[in-house]
Amino acid sequence: QVQFVESGGGLVQPGGSLTLSCTASEIVFWNFDMAWYRQVPGKERELVATVTRAASGGTTWPDSLKGRFTAFRNNAENTLHLQMNSLKPEDTAVYYCNRAAGDFPWGQGTQVTVSS
């Protein structure tokens, strides 16, 4: 059974930074494009960043996240990371990782709260 365990969330003030991590198991990790998603209660899960299999870089969505969020991976350790800078209250959400298609079982996620 594929499993994702997210960590690194917490409470941070506006303008602060956090780095999230995701450890994947029971998956040929290097073979998949991976992604970070986030979800706010009452809203659909939103794709925020992807990293291609080759780990050559990441792409973020939506445009409002460009320049603030960076996704990267370590294929040797089966880990995915999300560096988040200049955090805003609207970034408050539960953050999840999954493959880019979003069709593997979801983990518990990690809560990020941006508040003063």
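Now for a description of the structure that goes with this document. (Residues numbered from 1 in each chain as written. Predicted model: local features only at pLDDT ≥ 70, side-chain atom pairs only at ≥ 80, totals over all residues. Heavy atoms only, no water.)

## Quick look at the nonpolar core
Core analysis: the biggest nonpolar cluster contains 28 residues, and Phe4, Ile27, Trp36, Leu80, Leu82, Met84 and Tyr95 have the highest contact counts within it. Contributing elements (two or more residues each) for this core: β3 (18–25), β4 (34–39), β5 (46–51), β7 (69–74), β8 (79–84), β9 (93–99) and β10 (110–114). Broken down by element, this core gets its largest block of residues, four residues, from β3. Among residues more than four places away in sequence, those in contact with Leu80 are Leu20, Ser21, Cys22, Phe29, Met34, Ala35, Trp36, Val51, Phe72, Arg73 and Cys97. (Core = buried A, V, L, I, M, F, W, Y, C linked by side-chain atoms within 4.5 Å. Buried < 20%, exposed > 50% of the residue type's maximum accessible area, 1.4 Å probe, protein only. Helix = DSSP H or I, 4+ residues; strand = E, 2+ residues; numbered from the N terminus. Contact = heavy atoms within 4.5 Å.)

## Focus on the packing of aromatic side chains
With the rule as written, the count across this model stands at four aromatic pairs. Seen in terms of ring centroids, Tyr37 and Trp106 are 5.0 Å apart; in terms of plane orientation they differ by 85°. Their pairing is edge-to-face. Here Trp106 lies in the loop between β9 and β10 and Tyr37 lies in strand β4, a separation of 69 residues in the sequence. Residue classification places Trp106 among the partly exposed residues on the basis of a relative accessible area of 30%. Ring centres of Tyr96 and Trp106 lie 5.8 Å apart, and the angle between their planes is 80°; this geometry places the pair in the edge-to-face category. In this pair, Tyr96 sits in strand β9 while Trp106 sits in the loop between β9 and β10, placing the two residues ten residues apart along the sequence. Ring pairs connect the aromatic residues Phe4, Phe32 and Phe104, which therefore count as one cluster. Against the face of Trp106 rests Arg45, its NZ or CZ located 3.8 Å from the ring centre. Directly above the ring of Phe29 sits Arg73, whose terminal nitrogen or CZ lies 4.5 Å from the centroid. (Phe/Tyr/Trp six-rings, centres within 6.5 Å; stacked < 30°, edge-to-face > 60°. Lys NZ or Arg CZ within 6 Å of the ring centre and 35° of its normal.)

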